[in-house]
Amino acid sequence: MSPNAINKFMNIFDVIIIGAGASGLMATSECVTAGRRTLVLDMGDAPARKVRISGGGRCNITNMAASRNRYFGINPDFVRGILARVSPSDILAWADQHNLAPRESSPGRFFCDAGAAAVVDALWQDAQKAKFIFNTMVVSVSRSDDLFTVTTARGNFTGRCLIVATGGVSYANLGVSDLGYKIAKQFGHKIIPVRPGLGAIITPVMDPELAGISLNVAISVAQYVITDAMLMTHNGIGGPAAYRASLHDLGDGIRINFCPGTDIRAHITTARQQNGRRSVSTWLGTIIPARLARWIAGPYADVRIADLSTIQIKDIVDRIENFTITGDQLNRGSFATAEVTYGGIDTQDISPRTLESKRCPGLFFAGEVLDITGDLGGFNLQWAWATGRIAGQSATDYTIG
Ligand SMILES: Cc1cc2nc3c(=O)[nH]c(=O)nc-3n(C[C@H](O)[C@H](O)[C@H](O)COP(=O)(O)OP(=O)(O)OC[C@H]3O[C@@H](n4cnc5c(N)ncnc54)[C@H](O)[C@@H]3O)c2cc1C
């Protein structure tokens, strides 16, 4: 009997994939296309549940700007080779093949006009030849005689190699687990502490009365300057600018420029010459929403701009261009609402070529479970697609013969 026939006889799968999410399904497609006996286990009741709700139902499938500087973690260089092998263009080609109608809604950023549900259908179609078991939580994994045994409430399953594609621990109402981190730890990998990423920021500094106001700002956080739309919320700030800022270390506080691209000092000088009788809040209300203008102007709100002293002008310019919130006044939102998980399995003991563990042959990792977090804008799915495809190809190679 050939080794393949023996495996079949003993009910040994070539590849077991834990997680039928974005990366797990991409990996599955590679394995089944190469004819590997593939088992996919998922604790949820349907495939790719996060993809289904991604991009507000339109799935922001990728971003042409995907490169090292849009990814964060201890070692963002890890992404280089992976994105070179499975690029955004490759994903757009896949989307075209499946008639997902990807459309560039802002420079480089692609959403699917066919909708996120169609993306899930496409992934599902490609993975059809695998055996899927849903509503099945994997509780542990062991390895002996070069085989992996995966334990679930529905029994044990054995495979020649294992792909861990369990995602992060954010958006917990969809059902998430930290199993991926536990498996990695068990085989000697280091875990970078996790925290919520791409979520709102809570601060008592903002007035709840401002909730609902949205405007373009520049937020300085750590060594980054993020220019994007910000939404005032009932307990802090949200919207793309705040979400993106939440990826970074908030310990040293943030600075908000409410009027990026406008030289406020020059603007005041001109305004004083043209009509100095206007109050600070009226003048500022010509540049940003009136309610916000009054709040930022603070003690100067009703002062005529012509009456402002040099020191007061400096203070106002600072309040508008350099509004500072200290670290102790900032809190991340919870894992419950954050879109992604920052941190995860340290990439140092994982091959960037194959995504195989350097500590355990036949063990592969893909997707958000790794300590790589993408920026807002399609970068996280690009990461999931790319790592899923590569892990699937590597598992296929691993199980030749
Ligand atoms: C609301 C929302 C919108 C988003 N929109 C976008 C977007 O438009 N563009 C973008 O790039 N990114 C977006 N993201 C992020 C993106 O969806 C994720 O980064 C991506 O899905 C991660 O893929 P993954 O395969 O690593 O994990 P997941 O897709 O989360 O899949 C992990 C799978 O593993 C399963 N699992 C976990 N533990 C176990 C266990 N113990 N046993 C069995 N199964 C298990 C889970 O049930 C899940 O199906 C969004 C995220 C959210 C929450």
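Residues numbered from 1 in each chain as written. Predicted model: local features only at pLDDT ≥ 70, side-chain atom pairs only at ≥ 80, totals over all residues.

Moving on, we get to the site of the ligand. Taken together, 39 residues lie around the ligand, and Gly19, Gly21, Gly55, Gly167 and Gly367 are the ones closest in. Those elements that place two or more of their residues in the shell around the ligand are α2 (22-33), α3 (49-52) and α13 (379-398). Looking at the shell around the ligand element by element, the count peaks at four residues for α13. For the shell around the ligand, the per-class residue count stands at 19 nonpolar, 15 polar and five charged. (Near = placed C-beta within 6 Å. Helix = DSSP H or I, 4+ residues; strand = E, 2+ residues; numbered from the N terminus. Nonpolar A, V, L, I, M, F, W, Y, C, P; charged D, E, K, R; others polar.)

Size of an interface, as often reported, equals the accessible area lost when the parts are brought together. Annotation of the chain at the domain level lists domain 1 (3-196 + 336-398) and domain 2 (200-332). Of the residues that constitute the side of domain 1 that touches domain 2, the class distribution is four nonpolar, two polar and two charged. (Domains from an automatic or database assignment.)

In spatial order, the strands read β3-β6-β5; together these three strands make up an open sheet with antiparallel pairing. Across the chains shown, the open sheet's two edge strands, defined by having one partner strand only, are β3 (60-63) and β5 (102-106). Neighbour-to-neighbour, the strand axes of the sheet open up by a mean angle of 35°, direction not taken into account. Pairing geometry for β3 and strand β6 (residues 109-112), over three bridges, is antiparallel. Within β6, the position partnered with Asn63 by the bridge is Arg109. (Pairing = 2+ DSSP bridges. Axes fitted to C-alpha atoms, helices over the stretch in contact; angles between N-to-C directions.)

Bringing the packing of helix α9 (residues 264-275) against helix α12 (residues 310-321) into the picture now. Two numbers describe how α9 lies on α12: the axes approach to 9 Å, and their chain directions differ by 130°. As far as their axial angle goes, α12 and α9 are oblique. When the axes of α9 and α12 are compared, the crossing they make is right-handed. Residues Ile264, Arg265 and Ile268 of α9 pack against Ile313, Val317, Ile320 and Glu321 of α12. Tallied by class, residues from the contact of α9 with α12 come to five nonpolar, no polar and two charged. (Parallel < 35°, antiparallel > 145°, perpendicular 65-115°, else oblique. Left-handed = near helix turned anticlockwise from the far one by under 90°. Contact = placed C-beta atoms within 7 Å.)

This next bit is on unusual backbone geometry. Of note, the phi angle at Cys59 is positive, near 45°, even though the residue is not glycine. By secondary structure assignment, the location of Cys59 is in the loop between α3 and β3. The backbone of Asn99 shows a phi angle near 55°, a positive value even though the residue is not glycine. By the element assignment, Asn99 lies in the loop between α5 (88-97) and β5.

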